[in-house]
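So you can see what is in the structure, the chains are spelled out below.
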Amino acid sequence: MLVVHHLNDSRSQRILWLLEELGAPYEIKHYQRDATTRLAPPELTAVHPLGKSPVITDGDITIAESGAVVDYIQRKYGGGKLAPPAGEAAAEKYKEWLHYAEGSAMLPLMLNMYVGRLGEAGAPLHPRIQSEMANHLSYVEGSLAGRDWLMGKDITAADIQMSFVGEVARAMGQMDKYPNIKAWVERFQARPAYKTSLEKGGAYNLGPAK
C-alpha cells in the first residue's frame, strides 16, 4: 500500500488531501518537527537521503518532491480524475502549474520568511523579495479571475499542488491585496476531503489567517 511519510506543518499535507479527493487507499507514517529548530527528524533520511517531506513509498518505489508525488498519485490512482486528458492543450497548462508551484512561486515566499528572521541585516533584500512576491501572487491572482479553480470550473491536482502557495501567502498577510486568491483558499479549505485530510494529518499551522 502507498505510504505517505508525513511531517507536521509541511507540504505533505496536500498529498493527504489529494489522496482523500481521489478516495485512494493509503497509510500515514507520522514524523514531528523538532520543537526548537523546526527541522524534520533524522528518521526521514532512512526513507530518502534528503530527509524531507513529502515523500511516499509505494511498494518498491520511493518518490520525493511535491510535484513528482502529485503527478505519480494522480496518474496511478486518479482514474482520470483531477487532471485534463493527456494530449489536450489544457494538459500542458496543468503540468506547468505542477512545476510552477515549487519551481518559481514558493521561492520568494520562503525567502521572505527566512530573511525576515534576520531583522535589520536582511533589510537590503526586502524590496527585491517583495517585488518578486508581488509578481508571482499577481500572476496567480490574474489566473483565478472569473473562475473557481486554476484550470477553470473544475478542481484539479494543480489546485492541490498550488494550495501551499496560497496558504503561505495568507499566513504572511497578503490576502487583502489578492481577493481571488483569498476566495480560492477559502473554497478549497471548505472541501470535505481537505477537512478529512487535516483530521488524519494532525497539526498544520502555517501562521494566522490574514
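Everything numeric here is computed off the predicted structure, so don't read it as measured data. (Residues numbered from 1 in each chain as written. Predicted model: local features only at pLDDT ≥ 70, side-chain atom pairs only at ≥ 80, totals over all residues. Heavy atoms only, no water.)

Participant: Help me understand unusual backbone geometry, please; the structure alone is not making it clear to me.
Facilitator: The amide bond that connects S53 to the next residue, P54, takes the cis arrangement and shows omega of 15°. Residue position: P54 is located in the loop between β2 (27–31) and β3 (55–58). Positive phi, close to 55°, is recorded for D9, a residue that is not glycine. With respect to the helices and strands, the residue D9 is situated in the loop between β1 (3–7) and α1 (13–22). A positive phi angle is found at E65, which is not glycine, with a value near 75°. Look at E65 and you get exposed, because its relative accessible area is 51%. (Helix = DSSP H or I, 4+ residues; strand = E, 2+ residues; numbered from the N terminus. Buried < 20%, exposed > 50% of the residue type's maximum accessible area, 1.4 Å probe, protein only.)

Participant: Help me understand the nonpolar core in this model?
Facilitator: Note on soluble globular proteins: their nonpolar side chains tend to be buried together. By size, the foremost hydrophobic cluster in this structure holds 53 residues, and its most contacted members are I56, I73, M162, I181 and W184. At the level of elements, α1, α2 (66–77), α3 (89–116), α4 (126–143), α5 (157–171), α6 (179–189) and α7 (192–201) are the ones that each hand at least two residues to this core. Among the elements that line this core, the one with the most residues is α3, at ten residues. If near-sequence neighbours (up to four positions away) are discounted, M162 is found in contact with W97, Y100, A101, V140, L150 and W184. (Core = buried A, V, L, I, M, F, W, Y, C linked by side-chain atoms within 4.5 Å. Contact = heavy atoms within 4.5 Å.)

Participant: What is the right way to read the packing of α3 against α4 from this model?
Facilitator: Between two packed helices, both the angle of their axes relative to each other and the distance between the axes serve to describe the pair. The interhelical angle for the contact between α3 and α4, taken along N-to-C directions, is 150°, at an axis separation of 10 Å. Considering their axes alone, α3 and α4 lie roughly antiparallel with respect to each other. For the pair α3 and α4, the crossing hand works out as left-handed. Every residue of α4 that contacts α3 at K93, E96, W97, Y100, S104, A105, P108, L109, L111, N112, V115 and G116 is listed here: H126, I129, Q130, E132, M133, H136, Y139, V140 and S143. (Axes fitted to C-alpha atoms, helices over the stretch in contact; angles between N-to-C directions. Parallel < 35°, antiparallel > 145°, perpendicular 65-115°, else oblique. Left-handed = near helix turned anticlockwise from the far one by under 90°.)

Participant: When you look at the packing of aromatic side chains in this model, what are you seeing that I'm missing?
Facilitator: The relation between two aromatic rings is expressed through the spacing of the ring centres and the mutual angle of the planes. A complete count under the given rule lists seven aromatic pairs for this structure. Taking 5.7 Å as the distance between ring centres and 80° as the angle between the ring planes, the aromatic pair formed by W97 and Y100 counts as edge-to-face. Of this pair, W97 and Y100 both sit in helix α3, three residues apart, which is roughly one turn of the helix. With a relative accessible area of 1%, W97 lands in the buried category. Here the aromatic residues W17, W184, F188 and Y194 are joined through ring pairs into a cluster of three or more. Sitting over the face of the ring of W97, K93 holds its NZ or CZ atom 5.3 Å from the ring centroid. (Phe/Tyr/Trp six-rings, centres within 6.5 Å; stacked < 30°, edge-to-face > 60°. Lys NZ or Arg CZ within 6 Å of the ring centre and 35° of its normal.)

Participant: So what exactly am I meant to see when it comes to the side chain of D159 here?
Facilitator: Among the secondary structure elements, D159 is positioned in helix α5. One buried charge, D159, has no salt-bridge partner; the nearest side chain with opposite charge is R187, at 7.4 Å. A polar contact is formed between the side chain of D159 and the backbone nitrogen of L150, at a distance of 3.0 Å. Among all residues touching D159, those that are not within four sequence positions of it are W17, W149, L150, D154 and W184. (Lys, Arg positive; Asp, Glu negative; His and termini not counted. Salt bridge = Lys/Arg side-chain N within 4 Å of Asp/Glu carboxyl O. Polar contact = N/O pair within 3.5 Å; in protein donor to acceptor, adjacent residues only side chain to side chain.)

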